[in-house]
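Analysis of the macromolecular model
Letter by letter, the chains look like this.
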Amino acid sequence: METFLPLKIDLQLFSEEKTETATPRKREEVRKKGQVAKSGEIGTALLLLAGFYSIKAFSTYGMTRIGYIVTWFLENADQWDGRSESVFNIFLFVIKESITILLPIFGVLIPVAIISQVIQVGFMFNMTILQPNFNRINPIEGFKRIFSKRAMAEFAKSVFKIVIIGGTVYYHVKAQIPWLSRLSQMELAHSVELIKNSIYEIALYIGTTLLILSLFDYLFQRWEFEKNIRMTRQEVLEEFKQTEGDPQVRSRIRQKQREMAARRMMAAVPTADVIITNPTHYAIALLYQADTMSAPEVVAKGVGHIALRIKDIANEHLIPTVENPPLAKALYKSVEIGQQIPADLYPAVAEVLAFVYRLKRRSQ
């Protein structure tokens, strides 16, 4: 006869699974470490498109400046004497003119580079990623990274990108073969114009293809980032305890606060002028000092065993107790401890206080 051993399930394994979406605090912590969801391909694609279009837009200006440089060299060739001062002046001239040519292009590329990052991760300046990390020069860890799943995925992505871009370039070049074969028969200016336009078109196709691929890459990077920063239920509970406090501790604190408030309230009962009660449910202690108060004030109130305790303390200190169920119920529901009674209850309370004052005068 076959026997079956009971299946033992380690619940600890399930509790350690990262199934919970990262909390805002966890996201802020990983962001401080420089870990964000972004794709470098978006920046590459936008820079490629912006670079070629800025070159095209400023090509006339650039050729004019280059022509000026060539003219300057030809006009001043007889002034070069080989001295260090002469060479230095030539060097300064070339640097200045090169900056003049490249400045408009960089004026486009730099904002594009910044925008390509801001649209993905927002404004972020983090110095922690610049700190040296000796784990990166660990050969064992480096070997693991080379053959990790992420490295394999990046390799497959690179191969796919090369195939797509290569196919795009091949398709475009193939379409240009008819005029390429007649290039030697054309005028120089016309052939240069055709080659230039062809280069721009290839750059446009490559940049557009890269941009489309980068959008898919960004979605993948975001999915992977969200997966990596998931938290276990235990981590969520621990974070909640750190931010909101341990629920048990907070419960004990509230209990202590209630006890302290009850003791203060009971200590105020002997100062009351009268206790208005419902014989079995409510007890409200009222204090009225005509020289300092505009209306009577509730110094203690309670139901059930608290009401019984208020009445016991009142009996110990010979404080008059008046049974008035409607008034007791109205005071309990409408007035908090330390507050004065509302105007609509003045007549009923005044009648009770007048009765109490008459009793005090008789006892005297």
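Attention in this report is confined to the structure presented alongside it. For clarity, every value in this text was computed on a predicted model and none was experimentally measured. (Residues numbered from 1 in each chain as written. Predicted model: local features only at pLDDT ≥ 70, side-chain atom pairs only at ≥ 80, totals over all residues. Heavy atoms only, no water.)

1. Overview of the packing of aromatic side chains
Selection criterion: In this scheme Phe, Tyr and Trp rings, the latter by its six-membered ring, pair at centre separations within 6.5 Å, and the angle between planes marks the pair as stacked below 30 degrees, edge-to-face above 60, and tilted otherwise. Strands are runs of DSSP state E lasting at least two residues, helices are runs of H or I lasting at least four, and both sets are numbered from the N terminus onward. A 1.4 Å probe rolled over the protein chains alone gives each residue an accessible area, and that area as a share of the maximum for its type sets the label: buried under 20%, exposed over 50%, partly exposed in between. Comment: the charge-over-ring label is applied if NZ (Lys) or CZ (Arg) is within 6 Å of the ring centre and within 35 degrees of the ring normal.
Going through the model one piece at a time under the given rule, you end up with four aromatic pairs. Look at Tyr 68 and Phe 93: their rings are 6.0 Å apart centre to centre, the planes differ by 55°, and that puts the pair in the tilted class. On the criterion of sequence distance, the pair formed by Tyr 68 in helix H4 (residues 59-75) and Phe 93 in helix H5 (residues 84-121) is long-range, its members being 25 residues apart. Owing to a relative accessible area of 39%, Tyr 68 belongs among the partly exposed residues under this scheme. Taking the centre distance of 3.9 Å and the plane angle of 20° together, the rings of Trp 72 and Phe 93 count as stacked. Separated by 21 residues along the polypeptide, Trp 72 in helix H4 and Phe 93 in helix H5 bring together distant segments of the chain. The exposure class of Phe 93 is buried, given its relative accessible area of 9%. Every member of this aromatic cluster is reached through a ring pair, and the members are Tyr 68, Trp 72 and Phe 93. Here the guanidinium or amino end of Lys 301 rests over the ring plane of Tyr 332, the centre of that ring lying 4.7 Å away.

2. Here we look at the sheet that holds strand E4 (residues 321-323)
Spelled out, the test is: Two strands pair under a simple rule: DSSP has to find at least two bridges between them. Between N-to-C directions, angles cover 0 to 180 degrees, with each direction set by a line fitted to C-alpha atoms, over the stretch in contact for helices. Only heavy atoms matter for contacts: two residues are in contact if any of them lie within 4.5 Å across the pair.
Across the sheet, four strands lie side by side as E3-E2-E1-E4; this open sheet has mixed pairing. With partners counted over all chains shown, the strands left at the sheet margins are strand E3 (297-303) and E4, one partner each. With direction set aside, neighbouring strand axes in the sheet form an average angle of 20°. Two strands pair when backbone bridges link them, and strand E1 (residues 274-277) and strand E2 (residues 282-287) are joined in this way by four bridges, in the antiparallel orientation. In the sheet register, Ile 275 faces E2, and the bridge partner there is Ala 285. Sheet strands touched by helix H11 (residues 305-316): E1, E2, E3 and E4. Its angle to E3, the strand with the most contacts, is close to 125°. Strand contacts of helix H12 (residues 325-334): E1, E2, E3 and E4, with the helix running at about 75° to E2, the strand carrying the most contacts.

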